[in-house]
Amino acid sequence: MHPAAINNTTQVNNTTTNYFSYEPHKGWLYLHVLTMVLAWVIVMPVSTMLSIAGSRHHASTQIVFLIVNAVGIVFSTIYNGLTPDLYPNNFHHKLGWALACILGLQAVIGVLASVARRSTGSTWRSESVGFLRVPTHSPGDGSDTHLYRRSRDSGHGASLERDSGSEYEGFEGQDWSPALEEKSTGGGWVDLNMVERYLSSHVPFIFNNRVLVACDFLYSMIARLLIPLAFTQISLGVVTSSGIFMGSNVFNGLAHFIKGGIFFLYGILTLGRWLGAFGELGWAWNLKPTPDSSWRQRTPPPPPSSRYAPSAEMVESGLIFVYGCANVFLEHLASWGGVWSHSDLQHVSIAFMFFGGGLLGLLIESRKIRRLLTPGVSTSLDFSLNPLPAIVIFVLGILMSQHHQHSHLSTMIHTQWGVLLAAGAVFRLLTYMQFFRSPPTSAAPSRPPTEVVAAFCFMAGGLVFMASNKDTVAYLERIGVDAMFSLTVTVGVTALVMSWVTVVMAVKGWAVLGAGNSEV
């Protein structure tokens, strides 16, 4: 999101090493930062949630996001044309252009899906997307008010012209009608009649249900991938603007930013699960919805594909296992071909712990393994209580909190994120203890209070982990601050991000309730 069209390689004073400390034309840099934060932190997540909810406001919000992002690109182009290249060959610029292309592709796919849907009169919705009726009341209150929402939050989103607030959208088994779009072909963002005529004359084979399903799948997948990509690009923007991770320090920087970033995103996922996301998969601390576990007799069954969805613990164990496999070969990358240091051996031992812990977690989640361990006994598992992912994170936190560093400040910062990760794992284990004593009995998402604390610990620990790299610690030492400074800043940022995630999820709920789909 920060592409550079012009690179001026004018030599500058050696004391100026980064964009933040380069004073000329800094106003353009600030404008770029502000517009990109507005686009990728504020508007884009809202647009994604509206897409998941099938809101008719998704199209207008997506257009606003594209416009603000384009303005940010213009600001960055102007700034890079006026300033020397202080970070040659940085990846922030390259990923920025790649994201611009991805957004363009997503827009084209959205328009294509809208044209294909209204032209084919497709019944794809009854075949590929189910709905789960979520009660807006507590069980047993006698209310007949229900909330219809998609039964796959992580599945199909709305394309640019989808009006899911129409009278034609119902639950599973009811066909999508193109009549609504036929009523309003001239008043949308795109003249679909003109696009349809052009495509019909040049590529008529695209008007079929398979193309429609593929377009909607690609559109929704791009929308969801934009969230981790946005975090990656913002992190790269901080690296590029501050001039860190140059030369051989890139390996230390990558290790801390990638691993810390994973824990930060994991914390956001944990918070999302606590807020009710992925309930259709049984990830929101609920029973996986089945026809027999419906909250009302008239509740439509979930899509058949959800029966085969893995548990959250299986996904976590799989990621831990893959991480352990990869890190066995990557921990010595910074001194490849050289002597293995004491620190290298420590990190490889941790990689083996991830490898073994992840593998054990996968074995515990395997239905076939459970049948072999208890022959002749039913091994159906409605709710997973697999503690292995939490135990691995807990041990990692304890080990790294005692990991000696090159300076006292670095040791203190490593202790902080180690303790935070260990604390998050403890609260996750408390969640399992709570559900071991009182398992969930409903497909309605539950909100164990321990999980919101675990989310906070994972997010804050991930950010402190990222800040514990050598270049950042050296800067903190140079300006004379202590470890509490980085911790307090991280805690504040974490609280703000958690608040915004909650607001974004509330916007999705508002759209699903129908307020976002009502006629205005």
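Below, the structure is looked at part by part. (Residues numbered from 1 in each chain as written. Predicted model: local features only at pLDDT ≥ 70, side-chain atom pairs only at ≥ 80, totals over all residues. Heavy atoms only, no water.)

Looking now at the environment of Met-459. Within the element layout of this structure, Met-459 appears in helix H14 (residues 449-467). Taking C-alpha positions, Met-459 is 9.3 Å from Thr-270, a pair spaced 189 residues apart along the chain. In contact with Met-459, not counting residues within four places along its chain, are Phe-263, Phe-264, Gly-267, Ile-268, Thr-494, Val-497 and Met-498. (Helix = DSSP H or I, 4+ residues; strand = E, 2+ residues; numbered from the N terminus. Contact = heavy atoms within 4.5 Å.)

Among the secondary structure elements, Thr-17 is positioned in the segment before helix H1 (26-53). The sequence separation of Thr-17 and Gly-243 amounts to 226 residues, and the corresponding C-alpha distance is 6.3 Å. When near neighbours in sequence (up to four residues on either side) are disregarded, Thr-17 contacts Leu-86 and Gly-243.

Within the largest apolar cluster, 31 residues are counted, with the highest numbers of intra-cluster contacts made by Tyr-19, Val-239, Phe-245, Leu-271, Leu-275 and Met-505. Residue assignment for this core shows that the elements contributing at least two residues are H1, helix H7 (209-242), helix H8 (249-274), H14 and helix H16 (483-513). Excluding residues that lie within four positions of it along the chain, Met-505 makes contacts with Met-49, Gly-272, Leu-275 and Ala-277. Core analysis: the second largest hydrophobic core is formed by 26 residues, Leu-99, Ala-116, Phe-207 and Val-211 among them. (Core = buried A, V, L, I, M, F, W, Y, C linked by side-chain atoms within 4.5 Å. Buried < 20%, exposed > 50% of the residue type's maximum accessible area, 1.4 Å probe, protein only.)

What follows concerns a nonpolar patch on the surface. Together, Trp-28, Leu-31, Val-74, Ile-78 and Leu-82 give the surface a local cluster of nonpolar side chains, amounting to about 380 Å² of exposed area. Where the nonpolar patch is concerned, the elements lending two or more residues are H1 and helix H2 (58-82). The greatest single-element share of the nonpolar patch, amounting to three residues, is contributed by H2. Tracing the backbone shows Leu-31 in helix H1. (Patch = residues over 30% accessible without salt bridge, like charges linked within 9 Å, V, L, I, M, F, W, Y side chains within 5 Å. Areas by Shrake-Rupley, 256 points an atom, 1.4 Å probe, with all protein chains shown as cover. Salt bridge = Lys/Arg side-chain N within 4 Å of Asp/Glu carboxyl O.)

What follows deals with the side chain of Glu-316. The residue Glu-316 is located in helix H9 (residues 312-330) in this model. For Glu-316, a relative accessible area of 9% gives the class buried. Those residues in contact with Glu-316 that lie beyond four places of it in its chain are Tyr-266, Arg-273, Pro-389 and Arg-428.

Relative orientation of the contacting elements helix H12 (residues 388-401) and helix H13 (residues 408-437) amounts to 155°, with a least axis distance of 7 Å. The angle between H12 and H13 places the two elements in the roughly antiparallel class. Where H12 crosses over H13, the handedness of that crossing is left-handed. Touching Ala-390, Ile-391, Ile-393, Phe-394, Leu-396, Gly-397, Ile-398, Met-400 and Ser-401 of H12 are His-414, Thr-415, Trp-417, Gly-418, Val-419, Leu-421, Ala-422, Ala-425, Val-426, Arg-428 and Leu-429, all from H13. In terms of residue class, the contact of H12 with H13 is made up of 14 nonpolar, five polar and one charged. (Axes fitted to C-alpha atoms, helices over the stretch in contact; angles between N-to-C directions. Parallel < 35°, antiparallel > 145°, perpendicular 65-115°, else oblique. Left-handed = near helix turned anticlockwise from the far one by under 90°. Nonpolar A, V, L, I, M, F, W, Y, C, P; charged D, E, K, R; others polar.)

Taken N-terminus to C-terminus, the directions of H7 and H8 make an angle of 140°; their axes are 11 Å apart at the nearest point. It follows that H7 is oblique to H8 by the angle criterion. The handedness of the crossing between H7 and H8 is right-handed. In this structure, H7 uses Pro-228, Phe-231, Ser-235 and Val-239 to contact H8, whose residues at the interface are Phe-257, Gly-261, Phe-264 and Leu-265. Broken down by class, the residue content of the contact of H7 with H8 amounts to six nonpolar, two polar and no charged.

As a further point, take the packing of aromatic side chains. Taken as a whole, this structure holds 15 aromatic pairs when the rule is applied. Measuring from centroid to centroid gives 5.1 Å for Phe-231 and Phe-264, while their planes differ by 20°, and the two rings are stacked. Taken together, the positions of Phe-231 in helix H7 and Phe-264 in helix H8 put the pair 33 residues apart, joining distant regions of the chain. Of the two residues, Phe-231 and Phe-264, both sit in the buried class. Through a chain of ring-to-ring contacts, the aromatic side chains of Trp-285, Phe-383, Tyr-432 and Phe-435 assemble into a single cluster. Its end group placed over the ring of Trp-285, Arg-273 keeps NZ or CZ at 4.4 Å from the ring centre. (Phe/Tyr/Trp six-rings, centres within 6.5 Å; stacked < 30°, edge-to-face > 60°. Lys NZ or Arg CZ within 6 Å of the ring centre and 35° of its normal.)

Glancing now at unusual backbone geometry. Note on backbone geometry: most residues besides glycine have negative phi, and most peptide bonds are trans. Positive phi, close to 65°, is recorded for Phe-245, a residue that is not glycine. Looking at Phe-245, the relative accessible area reads 7%, which means it is buried. Positive phi values are uncommon outside glycine, yet Trp-285 reaches one of about 55°. You can see Trp-285 is positioned in the loop between H8 and H9.

For side chains of opposite charge, pairing can occur when their charged atoms come near one another. For the coordinates displayed, the defined rule picks out four salt bridges. The salt bridge partner of Arg-273 is Glu-316, with a shortest N-O separation of 3.5 Å. Note that Arg-273 is positioned in helix H8 and Glu-316 in helix H9, a separation of 43 residues in sequence. The same class applies to Arg-273 and to Glu-316, which are both buried. Here Arg-428 ties to Glu-316 by a salt bridge, and the two come within 3.3 Å at their closest N and O atoms. Pair noted here: Arg-428 is in helix H13 and Glu-316 is in helix H9, with a separation of 112 residues, a long-range link. In this structure, Arg-428 and Glu-316 share a single accessibility class: buried.

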